[in-house]
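Residue-level structural notes
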Amino acid sequence: MGTPWDELTLTFSRTSMFPFFDIAHYVVSVMALKQQPGAAAVAWQNPLSSWFTAMLHCFGGGILSCILLAEPPLRFLTNHTHILLASSIWYIIFFCPCDLVSQGYSYLPVQLLAAGMKEVTRTWKIVGGVTHANSYYKNGWLVMIAIGWARGAGGSIITTFEQLVKGDWKPKGDEWLKMSHTAKITLLGSVMFTFQHTDHLGISKHNLMFLYTIFLVTIKVTMMITKSPLVPLAPLEDILSRMLFGWQQQIPSCEKKTETRPASNGPCSSASEAPVDAADDAKKKYAED
Amino acid sequence: MGTPWDELTLTFSRTSMFPFFDIAHYVVSVMALKQQPGAAAVAWQNPLSSWFTAMLHCFGGGILSCILLAEPPLRFLTNHTHILLASSIWYIIFFCPCDLVSQGYSYLPVQLLAAGMKEVTRTWKIVGGVTHANSYYKNGWLVMIAIGWARGAGGSIITTFEQLVKGDWKPKGDEWLKMSHTAKITLLGSVMFTFQHTDHLGISKHNLMFLYTIFLVTIKVTMMITKSPLVPLAPLEDILSRMLFGWQQQIPSCEKKTETRPASNGPCSSASEAPVDAADDAKKKYAED
Amino acid sequence: MGTPWDELTLTFSRTSMFPFFDIAHYVVSVMALKQQPGAAAVAWQNPLSSWFTAMLHCFGGGILSCILLAEPPLRFLTNHTHILLASSIWYIIFFCPCDLVSQGYSYLPVQLLAAGMKEVTRTWKIVGGVTHANSYYKNGWLVMIAIGWARGAGGSIITTFEQLVKGDWKPKGDEWLKMSHTAKITLLGSVMFTFQHTDHLGISKHNLMFLYTIFLVTIKVTMMITKSPLVPLAPLEDILSRMLFGWQQQIPSCEKKTETRPASNGPCSSASEAPVDAADDAKKKYAED
C-alpha cells in the first residue's frame, strides 16, 4: 500500500460523521418510520409519541448497547446537538406542508445518496462499539463483537420490540430467526473490526474501515438499484454451514430420529404440540431442498 | 412575596413525606390494584405474586427511574421501613376480615383525603427525580425532565408492562398514544422543576413546590368530585399544537398527500392497515431491495 | 457434629463446579431446549439463533441477576471457558450424527445423574448470588434473597420471556401465578442461606450447603423416578397460608363484599370486564371450598 493510498484512507477514517452523515442517517431512519402504516396519523394525533418513536429509530443502536453494558439508556438525551438535529428532521419530515420532503425523498438518486451516507455511519458505529466494549473488558472479544453488532444493527431490534410492546406487531415463532442481510453484514464487520482491534488481522484500522465502508455502500446501492435481494454473503454462509452442519445431512434417517426424539424421551410436552413440530419439520425440509 | 408566605412555603417544602403521606400513597396504589378485576382472587391463590404486584404499584416510579439511569432496579428493596409499611398496608387491605378497609375507603371524603395526600407525594417525587438526574448529568435537562416524569408518573408504565407480560392486557396500536391527564400534568411539573433547577425560572423552589402541589391537589379533587375528566391543560395543549402543527391544517389537500404518501412511495400500505402482517412482510421484502 | 462430618461437609462445600457439574448443568439445560417442539428445526434453519437461545438456557440465572443489579447482562460472555464449554455441548447435542447424545440421554440413569449434578450447581449459584448481593447492600437481606433466587431459578424466567418475545408462548392471566416446585425450593434455599449469611441461623455455611444440596438432589431424583409432582413444601405452605391468610376464611359472607366492592366504588373499569371478574370469583370460591 503506497503513501497516497494510506493518506486517502487515513483522511477518510478521520472524517467527522457530524453533521452531514448523521443528517443522512436521521433522514433515512425517520423516513423508514414514516413509511410504516399509520405513522403519519400517529404523528398528528400524538406528536410526543411519534417523536419518541423517531428518537428510538435514530438512536436505537446506542440505546441497545447502553442496555447491554448497563449504562443509562437515557444517555443519548444528553447530546443536545444530535437530539435537536434529529428532532428538527423529524419535524420537517412529518409536518412539512404539502409533504415536500417525502416528495423529494421519493426520487431514487436522493434515496441512494442518503442510504449510502447512512451506511458510512454504520462503519463508524461498529468501530465505536468495539472500542467502547474493549474499554470495559480487555479481552472480552465476544462482548466486543456483540456491542459492535448492537451499535451497528441494533436499532431494528429496539424498534421491533417497541412495536411488539405497542401491539403493532405480532411475532410468529420463526419471525426472529430470519436475520436481515444488514444484520449479517454488520455482524461480519463487527467480527472483523474486533479481530483487527485484538491484532489478529494483519490490516490497519483505517484501511479496514475504508474497505468495509466501500463494501457496505456498494452492496446497499446495488441492492437498491437492482431491486433483487442480492445476498453477498450467501457463499460464505454456504461454506460455513457446510463446514459446521453440512456433513450430518448425509444421514437423513437420523433427521427423523432427531425430530421424534422429544415425543419419546420424557419431560417435554411435545405430544400436545405435535402439529407445530411437524409443520416445522416440513418447513425445514423445504428450506433445505 | 411577604415573609409569612415564604415561611409557609418553606415549612411546607420541608414537610417529611414519611409516614403519613407515604401511607396515603400506598393505600391509594394498593386500592387501585385491588379494584382490578380478579386481583383479590389472585391474592388468595398466590399471595406472593399479589405482594409483588402491589410493590410494583407502590414503587413503580422509582423502579423505572432506576432502570433509565442504570441503577439496580431492586434498590427499593433496601429501604426496609417503606417495604414493611407497604407490605402491611397490602396485607390489611387484601386480607382484613369483612374487608373493613375497602368499606371505609369507599366513602368519598376518605378517598379525597388519600388521593390529595398522594398528589403531594408526587411533587416530592418529581423534585427528587430532577435533583437525582442532575447529580448524574449536570446540563442534561432532557434527562432531568425524563427522570422527574418517570418518578412522578412512571408507576403506571411499569404496571402496564407487567400486565402486558402477564397477558392480562392486550395492547391495541393506539393504546400507548393516549397520555393520561396525570401523565400530562406530571410532565408539565417535571419541565417546570427542571427549568427552576437550571435557574431559567424566576421562582424559588419552595414556592414552586407549594403552588404546583396546590395545583395538583385541586385538579385531582375536582376531577374526583365532578366525575368528569376535566382537562386543565386543554388550552395549553391547544395553543401548543396550533403553534407547532396547526398551520399545516390550512392545507387540507396536503393532508391527503401526507396520508397517501407512504402508500405511494414504496414500502408501506397506509390505506390497508388490516393485514398488518402482510404489510410488514412486504416491507421486509422491499426494504432489502 | 463430629470432626469427620465437618471434614466431609467442608470438603464438599469446597468442591469446584467446573468442569463436571457445569457440564451436567449445560447438558440438562440444552436437552431441555432441544426437547421443545421445533427447536431442532430452528437449529438447522438458523444455528445462530439456536445457539443464542441455548446460551440463555445455560446462563439465564446469571443474566437475570445482572439485570437486577444493573450489571452488564453481557458479562457472561467474558468467561470464554464456560462459553466454549456450553457451545460445544450445544453443538454436540444438536448436530451429533444419528443423534447419539439424545439417545444416550434418553436412558433414565443418565438423566438422573445429570439432573442430580445440576441440582448441586443450584446450591452453589444460590450461595454465590447471596454473597454477591451482600457485597452491594450490607443489610439488604431482601435483595440477597431476591438475587439468590434469581441466580438459582431465574433461568426459566429469562427463557419464558424470550419465548414470549418470540411469540412461541402466549401467556394466560394466571400463567405466572403458579410457581414451579423448583422455584419454591430455590426460594426456600435463598431465604435460608441469606439468614445463615446474616448469622440468624445457628448453622455453619458448609453444613447448610451439604444438607440443602442433599435435600435438592433427593427431591429431584424422587420426582423423576416416581413421575408424580411430589410437593415437599406442601405442609410448610399449608401452615404458612393458614397462619397468614387462613383465619379470614371463617367469614365467607365478607368475601362477596370484597368482590362486589370494585363494581361499586368508582375508578375501576370492572363493568366492562364483569365476566372475567365473575369467572375469577367462581374459581376463587371453588379454590376455597
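Note that the structure is a prediction, hence the values are computed from the model and not measured.

**A few points about the overall build of chain A**
The helix and strand tally for chain A stands at 13 helices and zero strands. In sequence order, the secondary structure elements of chain A are arranged as α-α-α-α-α-α-α-α-α-α-α-α-α. Looking at chain A as a whole, 51% of its 289 residues qualify as buried. Taking the contacts inside chain A whose residues are at least 6 apart along the sequence as the reference set, 73% of them involve residues at least 24 apart. Accessible area for chain A stands at about 13200 Å²; split by element, carbon and sulfur atoms hold 70% of it.

**Here we look at the side chain of C:His25**
Residues and elements named next belong to chain C. Position of His-25 relative to the elements: it lies in helix H2 (residues 20-34). His-25 sits in the buried class, given a relative accessible area of 5%. Here the side chain of His-25 touches Cys-58 through a polar contact of 3.0 Å, landing on its backbone oxygen. Within polar-contact distance, the side chain of His-25 engages the side chain of Lys-118 at 3.2 Å. Apart from residues lying up to four places away in sequence, His-25 is in contact with Cys-58, Lys-118, Thr-121 and Lys-125.

**Description of the nonpolar core**
In terms of nonpolar packing, the biggest core is built from 172 residues, with A:Phe59, A:Phe94, B:Phe59, B:Phe94, C:Phe59 and C:Phe94 touching the most fellow members. Element by element, the count of residues in this core is highest for helix H4 (residues 47-68) of chain A, at nine residues. Setting aside residues no more than four positions away along its own chain, B:Phe94 makes contact with B:Val30, B:Leu33, B:Lys34, B:Ala39, B:Ala40, B:Ala43 and B:Ser50.

**Quick notes on the UniProt feature "transmembrane region" (unreviewed entry) in chain A**
Residues and elements named next belong to chain A. Listed under "transmembrane region" (unreviewed entry) in the UniProt record, and renumbered for this structure, are residues 51-70 and 82-102. Taken as a whole, residues 51-70 contains 90% helix and 0% strand, while its terminal C-alpha atoms sit 25 Å from one another. The distance separating the terminal C-alpha atoms of residues 82-102 is 22 Å; by composition the span is 81% helix and 0% strand.

**Observations regarding the packing of aromatic side chains**
Using the criterion set out here, one finds 42 aromatic pairs over all chains in the structure. On the basis of an interplanar angle of 85° and a centroid distance of 5.2 Å, the ring pair of C:Phe12 and C:Phe210 is categorised as edge-to-face. One end of the pair, C:Phe12, is in helix H1 (residues 3-13); the other, C:Phe210, is in helix H10 (residues 205-225), with 198 residues separating them in the sequence. The class of C:Phe210 is buried, set by a relative accessible area of 11%. Between C:Trp141 and C:Phe195 the ring centres are 6.1 Å apart and the planes differ by 40°, which places this aromatic pair in the tilted class. One end of the pair, C:Trp141, is in helix H8 (residues 141-166); the other, C:Phe195, is in helix H9 (residues 181-197), with 54 residues separating them in the sequence. Judged by relative accessible area, which is 35%, C:Trp141 ranks as partly exposed. Its relative accessible area of 29% is what places C:Phe195 among the partly exposed residues. Grouped by ring-pair contacts, the aromatic residues A:Trp44, A:Trp90, A:Tyr91, A:Phe94 and A:Phe95 constitute a single cluster. A cation over an aromatic ring shows up here: A:Lys34 above the ring of A:Phe94, its NZ or CZ 5.8 Å from the ring centre.

**Concerning the pattern of salt bridges**
For the structure shown, the criterion picks out six salt bridges over all chains. In this structure, the salt-bridge partner of A:Arg75 is A:Glu71, at a minimum N-O distance of 3.3 Å. Residue classification places A:Arg75 among the partly exposed positions, given a relative accessible area of 30%. In this structure, the salt-bridge partner of C:Arg122 is C:Glu119, at a minimum N-O distance of 3.0 Å. With a gap of three residues between them, C:Arg122 and C:Glu119 both fall in helix H7 (residues 108-136), about one helical turn apart. Residue class for C:Glu119 comes out buried when judged on its relative accessible area of 3%.

**What to know about the packing of H4(A) against helix H5 (residues 80-95) of chain A**
All names here are of chain A. Contact geometry for H4 and H5: axes closest at 10 Å, N-to-C directions at 120°. In this view, H4 runs oblique relative to H5, as classed from their interaxial angle. Seen from above, H4 lies across H5 with right-handed handedness. In this structure, H4 uses Pro-47, Ser-50, Trp-51, Ala-54, Met-55, Cys-58 and Phe-59 to contact H5, whose residues at the interface are His-82, Ile-83, Ala-86, Ser-87, Trp-90 and Phe-94. Each residue belonging to the contact of H4 with H5 can be placed in one class, and the counts come to 10 nonpolar, three polar and no charged.

**Let's talk about unusual backbone geometry**
A cis geometry characterises the amide bond from A:Phe18 onward to A:Pro19, with omega recorded as 0°. With respect to the helices and strands, the residue A:Pro19 is situated in the loop between helix H1 (3-13) and helix H2 (20-34). Backbone geometry places A:Ala70, a non-glycine residue, at a positive phi of 55°. As for its position among the elements, A:Ala70 is in the loop between H4 and H5. Although it is not a glycine, B:Asp199 sits at a positive phi angle of roughly 60°. Among the secondary structure elements, B:Asp199 is positioned in the loop between helix H9 (181-197) and helix H10 (205-225). Classification of B:Asp199 by relative accessible area gives exposed; the value is 65%.

**Focus: helix H4 (residues 47-68) of chain B**
Residue and element names in this part refer to chain B. For H4, built from 22 residues, the straight-helix expectation of 32 Å at 1.5 Å per residue is met to within 8% by its first-to-last C-alpha distance of 29 Å. The principal kink in H4, of about 75°, is found at Phe-59. With 17 of its 22 residues buried, H4 lies for the most part within the structure. Following H4 by one or two positions, Ala-70 adopts a phi angle in the positive range, close to 60°.

**A closer look at the confidence of the model for chain A**
In the predicted model, chain A carries a mean pLDDT of 80, and the fraction of residues at 70 or more is 79%. Confidence metrics for the complex model read pTM 0.83 and ipTM 0.79.

**Topic: the side chain of A:Ser29**
All names here are of chain A. Turning to its location among the elements, Ser-29 is positioned in helix H2. The class for Ser-29 is buried, based on a relative accessible area of 5%. What Ser-29 contacts, discounting residues up to four positions off in sequence, is His-57, Cys-58 and Lys-118.

**Topic: the environment of C:Ala133**
Residue and element names in this part refer to chain C. Examined against the element boundaries, Ala-133 turns out to sit in helix H7. In this structure Ala-133 comes out as buried when scored by relative accessible area, which is 0%. Linking Ala-133 and Thr-3, residues 130 residues apart in sequence, is a C-alpha distance of 31 Å.

**Examining the environment of B:Ala32**
Within the fold, B:Ala32 resides in helix H2 (residues 20-34). Taking the relative accessible area as the measure of exposure, B:Ala32 reaches 39% and is therefore partly exposed.

**Considering the environment of B:Gln36**
Residue and element names in this part refer to chain B. Positionally, Gln-36 belongs in the loop between H2 and helix H3 (39-45). Distance from Gln-36 to Phe-12, taken between C-alpha atoms, is 34 Å for residues 24 residues apart in sequence. If near-sequence neighbours (up to four positions away) are discounted, Gln-36 is found in contact with His-57 and Gln-163.

**What about a nonpolar patch on the surface?**
Taken together, A:Leu236, A:Ile239, A:Leu240, A:Met243 and A:Leu244 make up a surface patch of nonpolar side chains, about 450 Å² in accessible area. Position of A:Leu236 among the secondary structure elements: in helix H11 (residues 234-245).

**Describing the packing of helix H1 (residues 3-13) of chain B against H10(B)**
All names here are of chain B. Remark: H1 packs on H10, axes separated minimally by 8 Å, with the N-to-C direction vectors making an angle of 75°. Judged by the inter-axis angle, H1 sits roughly perpendicular to H10. Along the contact surface, H1 presents Trp-5, Asp-6, Leu-8, Thr-9, Leu-10, Phe-12 and Ser-13, while H10 presents His-206, Asn-207, Met-209, Phe-210, Leu-211 and Thr-213.

**Points about the state of the cysteines**
Enumeration according to the criterion identifies zero disulfides over all chains in this entry. Free of any disulfide, B:Cys58 has its nearest neighbouring cysteine sulfur in B:Cys66, separated by 16 Å.

Parameters and conventions
- Residues numbered from 1 in each chain as written.
- Chains lettered and ligands numbered in written order.
- Predicted model: local features only at pLDDT ≥ 70, side-chain atom pairs only at ≥ 80, totals over all residues.
- Heavy atoms only, no water.
- Helix = DSSP H or I, 4+ residues; strand = E, 2+ residues; numbered from the N terminus.
- Buried < 20%, exposed > 50% of the residue type's maximum accessible area, 1.4 Å probe, protein only.
- Contact = heavy atoms within 4.5 Å.
- Areas by Shrake-Rupley, 256 points an atom, 1.4 Å probe, with all protein chains shown as cover.
- Polar contact = N/O pair within 3.5 Å; in protein donor to acceptor, adjacent residues only side chain to side chain.
- Core = buried A, V, L, I, M, F, W, Y, C linked by side-chain atoms within 4.5 Å.
- UniProt positions renumbered as here; feature names shortened; annotations may be inferred.
- Phe/Tyr/Trp six-rings, centres within 6.5 Å; stacked < 30°, edge-to-face > 60°.
- Lys NZ or Arg CZ within 6 Å of the ring centre and 35° of its normal.
- Salt bridge = Lys/Arg side-chain N within 4 Å of Asp/Glu carboxyl O.
- Axes fitted to C-alpha atoms, helices over the stretch in contact; angles between N-to-C directions.
- Parallel < 35°, antiparallel > 145°, perpendicular 65-115°, else oblique.
- Left-handed = near helix turned anticlockwise from the far one by under 90°.
- Nonpolar A, V, L, I, M, F, W, Y, C, P; charged D, E, K, R; others polar.
- Expected span 1.5 Å × (residues − 1).
- Bend = angle between axes of the 7 residues up to and from the residue.
- pLDDT = per-residue confidence, 0-100.
- Patch = residues over 30% accessible without salt bridge, like charges linked within 9 Å, V, L, I, M, F, W, Y side chains within 5 Å.
- Disulfide = S-S within 2.5 Å.

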